[in-house]
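This is what each chain is made of:
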Amino acid sequence: MNDNETLQEKLTRISAMVKKETIQIFRDPSSLAIAIVLPVFLLLIFGYGVSLDARHVPIAVVADSRTSASEGFVAGLRQSPWFVPRSYPNIHEAIGALKRKDVDGILWLREDFGRSIQSFRTQGVDVVVNGVDDNTARLVEGYLTNTWATWIGLRNLRGRTLTFQPVSLDVRIWFNPNSRSRDFLVPGLIAVIMTLIGALLTSMVIAREWERGTLESLFSTPVTIGEILIGKFIPYFILGMIGMGVSVTMGRVLFAVPLRGTLLVLLICSALFLTTALGMGLVISTISKNQFVAGQIAIVFTFLPAFILSGFIFDIHSMPLFIRVITHLIPASYFVTILQSVFLAGNIPGIIIPNAITLFLFSVFLFGVLIRISRKRIL
Amino acid sequence: MAVAEQKNSPAISVSHLVRTFRSPRGIIRALDDVSFTVPKGTITGLIGPDGAGKTTLLRILAGIMAPDGGKAEILGFDPETQGPKLQRHIGYMPQKFGLYEDLTVGENLDLHADLHGVPVERRSEFYAPLLAMTALSPFRSRLAGNLSGGMKQKLGVACSLVHAPPLLLLDEPTVGVDPVSRRDLWEILTTQVRNQGTTLLVSTAYMDEASRFDRVVILYNGHVLGEGNPSDLMSNVRGHVFWVNVPDIAARRLEPLLSQVPGVIDAVGEAEEVRIVSEGTSPPSLPEDMKGARTKSLDPRFEDAFMLLLGQEQGSKGRRSFSPERLGWQNKKRGLLDGGVEDSIVIRDLTRNFGSFCAVDHLTFSVRRGEIFGLLGANGAGKTTTFRMLSGLLLPTSGELRIDGQDVLGAGVSNLRSRLGYMSQKFSLYSQLTVTQNLTFFTSAYGMTGKRQRDRIAEIEEFFELVPYRHESAGLLPLGFRQRLALAASLAHEPSILLLDEPTSGVDPLARREFWRTISQLSLWGISVLVTTHFMTEAEYCDRLAIMSLGRLLALGSPSEIRARARTEACPNPSLEEAFIALLEQENRARDAPL
């Protein structure tokens, strides 16, 4: 033993920390679950459960008078994949149904429906939409108007002979008209999942050592704080990349999302983003010293903003200015842009390079903060 | 070894060390101008009650906490600025088990060896003596979390010795460890110092461990109360210790009376007599009403030396006159359920199996009304299981269990529950609630309401002198007061039997005396007390003891009877701890002997 540290000793200590952390990962199923089971689970839920296409929306139909025109329109509606019409005898019962949330909207064909059609006016139709769920409301409104317009068009084309065709299936006026929303959602979802596993995995690890008192022992050995952090970063980075691989494979295989860019670009950008996410987790963990609090902070300050403000579901451009400014502070929003580009459009340097640089700066900043706040001291 | 210091300089020298902490109760001076030295190759004990500043001091010495003032020098290094260099030469074991429970014994050793740069090729040479000494060889591939308490501590010591450091800092290595493991641990440490020349600084709250040290530093409230060779410190108190016996006054009644007598620094009731430490070297003059008092000079213990130092420092001002006098229910002695039953608790052939494992094996004993009964045993002896069955949390596999004459397994179990008060080791208080809110909760839980509840809470707050702390959060109370509140909470619903699960582990000697004085008082009023403990000095307060091992009763009797059973030629006057170890070893030999 001598007092001059050799690089050899440094490397031995780092590898000892990595080894220790890896053993712990394999002994503790919860971190493996976060890295591998959680992405699969979230992708299944979101991939199958969340769709921005409205389908089979229950809708109340009130026809004040039963004319051939109104019957014909309702029949046409019934053919449409978007709506499930239910007949109600009068508008009051229909409103009741709307209030009970039995239906998402009301289509009210007034007394003069037949006549207004003949006179090429449209006043005979009222559409009431439940505005509580703004997104669905606008979808319903849009689809209904569109169905109506198509119907009128068809009718006019064919003169007055009421031969109804099913409403055309390519009516997509509201969102992303030319592609399935899933193709758009899955890349964004991967970014959100990576935020969650990156931050959640590491937010626990230092807090756990504080809680169990193991850090006190560790601090009394010659290991430096930097070596402890590197020792924690490496195994969780690998674990996170495995989670990324699982997510991408699922997206490609299960949801048939195209991958138009190259795998290498995807890999490099994911590594950059994962570094940022792990950095956030380590900072949170160092500050909170308590696993429960660390986990909560990780979810509230990394996962939720990534979910809401990254542009993965909610369009950033329609947000108020103040919120738009905040979205620039969310690393996930840059990664969402990169992923959407790599998956749907291909390697577009103009998009990928500036976003990747931003992610790099984020990780440099976070690790800078981490080194500043980590001290090899109790209290 | 390139440690930069001369041959005869001390391993540790500390001068005017200060460290403060902010707390909601104001600034706490955890270390207040502490100075001492530790010579090389010695075992130095840092003795002091909880909260004395031992852990803070050791953390500063290990370079993992910065002092606010003063200076420390360890092996020629300044721990504040040269931490990383210093840490290559020391082994440090924190109070809380600091090893990874999800790593095996071998993996923990390897980790520490790697971190300390022990070359791989020399590992087996370093490990062999450590594993042999700690008897951990058979468990190398066992997870550290699955080791018993004593083995964990041994592993902790082994890990801190893995790089053969010249200095070892150990923070309360023997807390919560059963007497047998405790003795093993001391053997390991002593061997290390004598054979390797290692310097050892060990903190402990157990006064009876002082004799194991070459030197002791007594820490109290952040300052050094005394320092020196333990036998020198003991000789200071020689001539100050007496036992007092007054005919017609039971020791338990006499103790609080004697503690009020001017010139008496400490009084502890033990069996038939009271041990006192007097300010002077002659017995103090006793008041008139103690006619026929007999006194006899006694050999001092280290605790007596501590009490004398403390008494000299504080004069009479620091001494609390805690002598419980009046508590409402002392007069409304509870009627016995089916008249004339003398035993509060009767346990007959009680057995509890967990699968094929027998946690309690045909246990039989009874606790008389007003008796203080101690249940002693190593970890895993079956004490907790017995307690759980008594409180109705666990059903026995077979056997009989009666409380106040009623069968616990019979119909009215819920009624019986209100006859039991339970105080756990962890105190089980709600730390965010105030003192009054805690007491309100616990009385409500037993169905007390309205005026009766309010009166009871007021009475109990007064009895335990908690009135000034009424509106303070339980979590912010000093340890001694927290303990008092926990006892108050367990008594609030007027139980006739009190179950105490290791109630005073690690609390300071003053708080412990006060606590036991209260317990004695309660027993005089007819409350039966069943207590489990590791603390042998605590067992001295009991009327009778049951020693358990592996679910079975090993010995039953008064402390002096237990001591008598272990008397041998080699050890004519065994302490309770020696007796306990001897009994366990007899049992082990009997079990290992071929049938």
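Nothing here was measured: the structure is a model prediction, and the numbers come from that model.

K.L.:
Help me out: how do you make sense of the overall build of chain B in this one?
P.N.:
The helix and strand tally for chain B stands at 18 helices and 23 strands. For chain B, whose C-alpha radius of gyration is 25 Å, the value lies close to the compact-globule estimate of 25 Å for 595 residues. For chain B, the spread of C-alpha atoms along the principal axes amounts to about 80 × 60 × 55 Å. Across the 595 residues of chain B, 49% fall into the buried class. Long-range pairs, those at least 24 residues apart, make up 71% of the contacts in chain B with a sequence separation of at least 6.

K.L.:
Explanation requested: the domain arrangement of chain A in the structure shown.
P.N.:
A common way to express how large an interface is: the accessible area buried when the components associate. Here chain A is described as being made up of domain 1 (2-50 + 180-378) and domain 2 (57-157). For domain 1 of chain A and domain 2 of chain A, the distance between their C-alpha centroids amounts to 48 Å.

K.L.:
Even after reading the chapter, I still don't get the packing of helix α2 (residues 29-49) of chain A against helix α9 (residues 225-253) of chain A, so can you show me in this structure?
P.N.:
A pair of packed helices is characterised by two quantities: the angle between their axes and the separation of those axes. Residues and elements named next belong to chain A. One can describe the packing of α2 onto α9 by two numbers: an axis separation of 9 Å at closest approach and a directional angle of 20°. Between α2 and α9, the interaxial angle falls into the category roughly parallel. Both α2 and α9 take part in a crossing whose hand is right-handed. Contacts from Ser31, Ala35, Ile36, Pro39, Val40 and Leu43 in α2 reach Leu239, Gly240, Ile242, Gly243, Val246, Ser247 and Met250 in α9.

K.L.:
I keep staring at the interface of chain B and chain A and nothing clicks. Help me out?
P.N.:
Of the residues lining the interface, 28 residues belong to chain B; the matching set on chain A comes to 26 residues. Grouping the amino acids of the side of chain B that touches chain A by side-chain chemistry returns 15 nonpolar, six polar and seven charged.

K.L.:
Please explain the nonpolar core as it appears in this structure.
P.N.:
Considering soluble globular proteins, one finds that nonpolar side chains tend to be buried as a cluster. Membership of the largest hydrophobic core comes to 165 residues, with the highest contact counts inside it found for Ala191(A) and Leu169(B). Ranked by residue count, the leading element in this core is helix α7 (residues 181-212) of chain A, at 17 residues. The contacts of Ala191(A), once residues within four sequence positions are left out, are Ala306(A), Ser310(A), Phe312(A), Ala332(A), Phe335(A), Val336(A) and Leu339(A). Among the nonpolar cores identified, the runner-up in size contains 73 residues, and Ile347(B), Tyr469(B), Leu510(B) and Ile547(B) belong to it.

K.L.:
Help me understand the pairing of strand β11 (residues 264-270) of chain B, please; the structure alone is not making it clear to me.
P.N.:
Consecutive side chains along a regular strand alternate between the two faces of the sheet. Residues and elements named next belong to chain B. Within β11, six of the seven residues are buried, which leaves the element mostly enclosed by the surrounding structure. Pairing of β11 with strand β12 (residues 273-278), which is carried by six bridges, proceeds in the antiparallel orientation. Across the sheet, the residue bridging to Asp266 is Val277, located in β12.

K.L.:
In this structure, what is going on with the environment of Gly51(B)? I would like to understand it.
P.N.:
Mapped onto the elements of the fold, Gly51(B) is located in the loop between β3 (43-47) and α1 (54-61). Here the alpha-carbon distance between Gly51(B) and Val18(B), two residues 33 residues apart in the chain, equals 15 Å.

K.L.:
Is there a simple way to explain the sheet that holds strand β4 (residues 125-129) of chain A in this structure?
P.N.:
Sheets are built from strands paired through backbone hydrogen bonds, the pairs being either parallel or antiparallel. Residues and elements named next belong to chain A. Strands sit in the order β2-β1-β3-β4 across an open sheet of four strands; the sheet is mixed. In this open sheet, the two strands that pair with only one neighbour each are β2 (83-87) and β4. Neighbour-to-neighbour, the strand axes of the sheet open up by a mean angle of 25°, direction not taken into account. Examined bridge by bridge, strand β3 (residues 105-109) and β4 share five bridges and lie antiparallel to one another. The residue bridging Gly105 from the neighbouring strand is Val129, located in β4. Together, β1 (57-63), β2 and β3 form the strand contacts of helix α3 (residues 68-79), whose direction differs from that of β2 by roughly 140°. Sheet strands touched by helix α4 (residues 91-99): β1, β3 and β4. Its angle to β1, the strand with the most contacts, is close to 165°.

K.L.:
Can you walk me through the sheet that holds β12(B) in this structure?
P.N.:
Residues and elements named next belong to chain B. Taken together, four strands build an open sheet; the order of strands is β11-β12-β10-β13 and the sheet is antiparallel. At either end of the open sheet lies a strand with only one pairing partner, and these are β11 and β13 (294-297). Strand-to-strand twist across the sheet, computed as the mean angle between neighbouring axes with direction ignored, equals 25°. As paired strands, strand β10 (residues 241-245) and β13 are joined by four bridges and run antiparallel to one another. The residue of β13 that forms the bridge with Asn245 is Arg294. Against the sheet, helix α9 (residues 302-314) contacts β10, β11 and β12, and its axis sits at roughly 150° relative to β11.

Conventions and cut-offs
- Residues numbered from 1 in each chain as written.
- Chains lettered and ligands numbered in written order.
- Predicted model: local features only at pLDDT ≥ 70, side-chain atom pairs only at ≥ 80, totals over all residues.
- Helix = DSSP H or I, 4+ residues; strand = E, 2+ residues; numbered from the N terminus.
- Rg over C-alpha atoms; globule rule 2.2 N^0.38 Å.
- Buried ≥ 20, exposed ≤ 12 C-beta atoms within 10 Å, placed from the backbone.
- Contact = placed C-beta atoms within 7 Å.
- Domains from an automatic or database assignment.
- Axes fitted to C-alpha atoms, helices over the stretch in contact; angles between N-to-C directions.
- Parallel < 35°, antiparallel > 145°, perpendicular 65-115°, else oblique.
- Left-handed = near helix turned anticlockwise from the far one by under 90°.
- Nonpolar A, V, L, I, M, F, W, Y, C, P; charged D, E, K, R; others polar.
- Core = buried A, V, L, I, M, F, W, Y, C linked by C-beta atoms within 7 Å.
- Pairing = 2+ DSSP bridges.

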